[in-house]
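Results of the structural survey
Residues per chain are reported as follows:
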Amino acid sequence: MTKKTIITVATTGAWPKKENNPNVPMTPQEIVDDVYDCWQAGAAVAHLHMRDEEGNGTMSADKFRETVTLLRGQHPDCDIVLNMTTSGALKATDEARQAHIKELRPEMGSFDCGSMNWMHSSVFLNTPAFLEDLGRNMQEWNIKPEIEVFDPGMIANAAYYLKKGILKAPLHFQMCMGCANGIPGSMKNLIFMKETMDMLCPGSTWSCFGVGHCAMEMTFWGCRQSRSFASIE
């Protein structure tokens, strides 16, 4: 059987604003328009982040609900898989990070498998208690975790949660390459991340994206690898 490359599109992403790129969609309608255009162009998964009126990341369940309602109402033909972030605002409460997926039950949701310094200015906090609660809830709500890993230690965390029953095989990883304070984006490092995944969590699937200067390199190598997915952020 011919293997296909599955393209994920993150139209808004975690932080860019209009001042950084005037084409970044911010409102629910703008996000819907871009998601539908990308689906028509071949994207199979949409990774959704929401923004408030000032363009800052938000975990507002209202924004997610409005976006999904518009997408399904305006484009009933669109069968793109929805993958909703659980980390769209660094200061959001653990409850707010899950409220939207509990209500809307998307096919996928992000599971950021560890804490790290973020962009040299703040802390991206994912406590063990939060991850255990999120993992159990995703199983109950029938949501596939997209296990986001920013360094190989987070892959080891996923293996621990798999052994403990918090996560359920087969796992799907998103290799987040080139983020500040995470593993640098390069082909060598991507191969190392995949080999670490294969050793600790055999049978898993994976995707990757690159930030900044390594974005195109990571997309290229993601497309080249077998059993892989290419993510375009």
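Residues numbered from 1 in each chain as written. Predicted model: local features only at pLDDT ≥ 70, side-chain atom pairs only at ≥ 80, totals over all residues. Heavy atoms only, no water.

Re the packing of aromatic side chains
For any pair of aromatic rings, the description consists of the separation of the ring centres together with the inter-plane angle of the planes. Rule in force here: Any Phe, Tyr or Trp ring, taking Trp's six-membered ring, that has another such ring centre within 6.5 Å forms a pair; planes under 30 degrees apart are called stacked, those over 60 apart edge-to-face, and the others tilted. For the purposes of this entry, the term helix denotes a DSSP run of H or I that reaches at least four residues, the term strand denotes a run of E that reaches at least two, and both are numbered from the N terminus. Each residue is placed in one exposure class: buried if its accessible area under a 1.4 Å probe, protein chains only, is under 20% of its type's maximum, exposed if it is over 50%, and partly exposed if it falls in between.
Here the structure, examined in full by the defined rule, presents seven aromatic pairs. Taking 6.3 Å as the distance between ring centres and 80° as the angle between the ring planes, the aromatic pair formed by Phe 111 and Tyr 161 counts as edge-to-face. In this pair, Phe 111 sits in strand β6 (residues 108–112) while Tyr 161 sits in helix α5 (residues 152–164), placing the two residues 50 residues apart along the sequence. By relative accessible area, which is 0% here, Phe 111 ends up buried. On the basis of relative accessible area, Tyr 161 is assigned to the buried category, the value being 5%. An aromatic cluster is present here, built from Phe 111, Tyr 160 and Tyr 161 joined pairwise through their rings.

Quick look at the side chain of Thr 85
This is how it is decided: Polar contact is the term for a pair of N or O atoms within 3.5 Å; when the atoms are in protein, one must be able to donate a hydrogen and the other to accept it, and sequence-neighboring residues count only if both atoms are side-chain atoms. Two residues form a contact once any of their heavy atoms are found within 4.5 Å.
When you line up the elements, Thr 85 lands in the loop between β5 (81–84) and α3 (96–104). Among the polar contacts made by the side chain of Thr 85, one reaches the main-chain amide nitrogen of Ser 87 at a distance of 2.9 Å. In this structure Thr 85 touches His 47, Leu 48, His 49, Met 59, Phe 64, His 100 and Ser 110, once residues within four positions along its chain are discounted.

What about the nonpolar core?
Operational definition: What makes a nonpolar core is a set of buried Ala, Val, Leu, Ile, Met, Phe, Trp, Tyr and Cys residues whose side-chain atoms join them at distances within 4.5 Å.
Of all hydrophobic cores here, the largest spans 57 residues; its most connected members are Leu 48, Phe 111, Ile 147, Val 149, Phe 173 and Met 175. Tallying contributions element by element places α5 first for this core, with five residues. Not counting residues up to four positions away in its chain, the partners in contact with Leu 48 are Ile 31, Val 35, Phe 64, Leu 82, Asn 83, Met 84 and Thr 85.

A look at the packing of helix α2 (residues 61–74) against α3
Axis angle and axis distance: for two packed helices, these are the angle between their axes and the distance between the axes, and together they describe the pair. Basically, it comes down to this: Here the axes come from fitting lines to C-alpha atoms, over the contacting stretch only for helices, and the angles between their N-to-C directions go from 0 to 180 degrees. Helix crossings fall into two classes, left-handed where the near helix is turned counterclockwise from the far one by less than a right angle and right-handed where it is turned clockwise. Any residue that is not Ala, Val, Leu, Ile, Met, Phe, Trp, Tyr, Cys, Pro, Asp, Glu, Lys or Arg is counted as polar, Gly included; the first ten are nonpolar and the last four charged.
Contact pair α2 / α3: the axes reach a minimum separation of 9 Å and the direction vectors enclose 35°. You can see that α2 and α3 cross each other, and the crossing is right-handed. Contacts from Ala 61, Phe 64, Arg 65 and Val 68 in α2 reach His 100, Glu 103 and Leu 104 in α3. Class assignment for the residues of the contact of α2 with α3 results in four nonpolar, one polar and two charged.

Digging into the environment of Ala 61
The topology assignment puts Ala 61 in helix α2. Along the primary structure Ala 61 and Trp 39 are separated by 22 residues, whereas in three dimensions their C-alpha atoms are 23 Å apart. Residues within four places of Ala 61 in sequence aside, it is in contact with His 100 and Glu 103.

Focus on the environment of Pro 170
With respect to the secondary-structure elements, Pro 170 resides in the loop between α5 and β10 (172–177). Considering only alpha carbons, one finds Pro 170 and Pro 202, 32 residues apart in sequence, at a separation of 8.4 Å. Leave out the neighbours within four places in its chain, and Pro 170 touches Lys 144 and Gly 203.

Observations concerning α2
Here is the rule we go by: What a helix should span is 1.5 Å times the count of its residues minus one. Along the arc lie the directions from the helix axis toward the C-beta atoms.
Between the first and last C-alpha of α2 there are 20 Å, a value that for 14 residues agrees with the 20 Å anticipated at 1.5 Å per step. What α2 keeps buried is the set Ala 61, Lys 63, Phe 64, Thr 67, Val 68 and Leu 71. The arc enclosing the buried residues of α2, seen along the axis, measures out at 165°, which places them on a common side. For α2, the exposed residues lying more than 90 degrees away from the buried face are Thr 69 and Gly 73. For α2, the secondary structure elements touched by its buried residues are α1 (28–41), β2 (45–48), β3 (50–51), β4 (57–58), β5 and α3.

Keep in mind that these numbers describe shape and distance, not what the molecule does.
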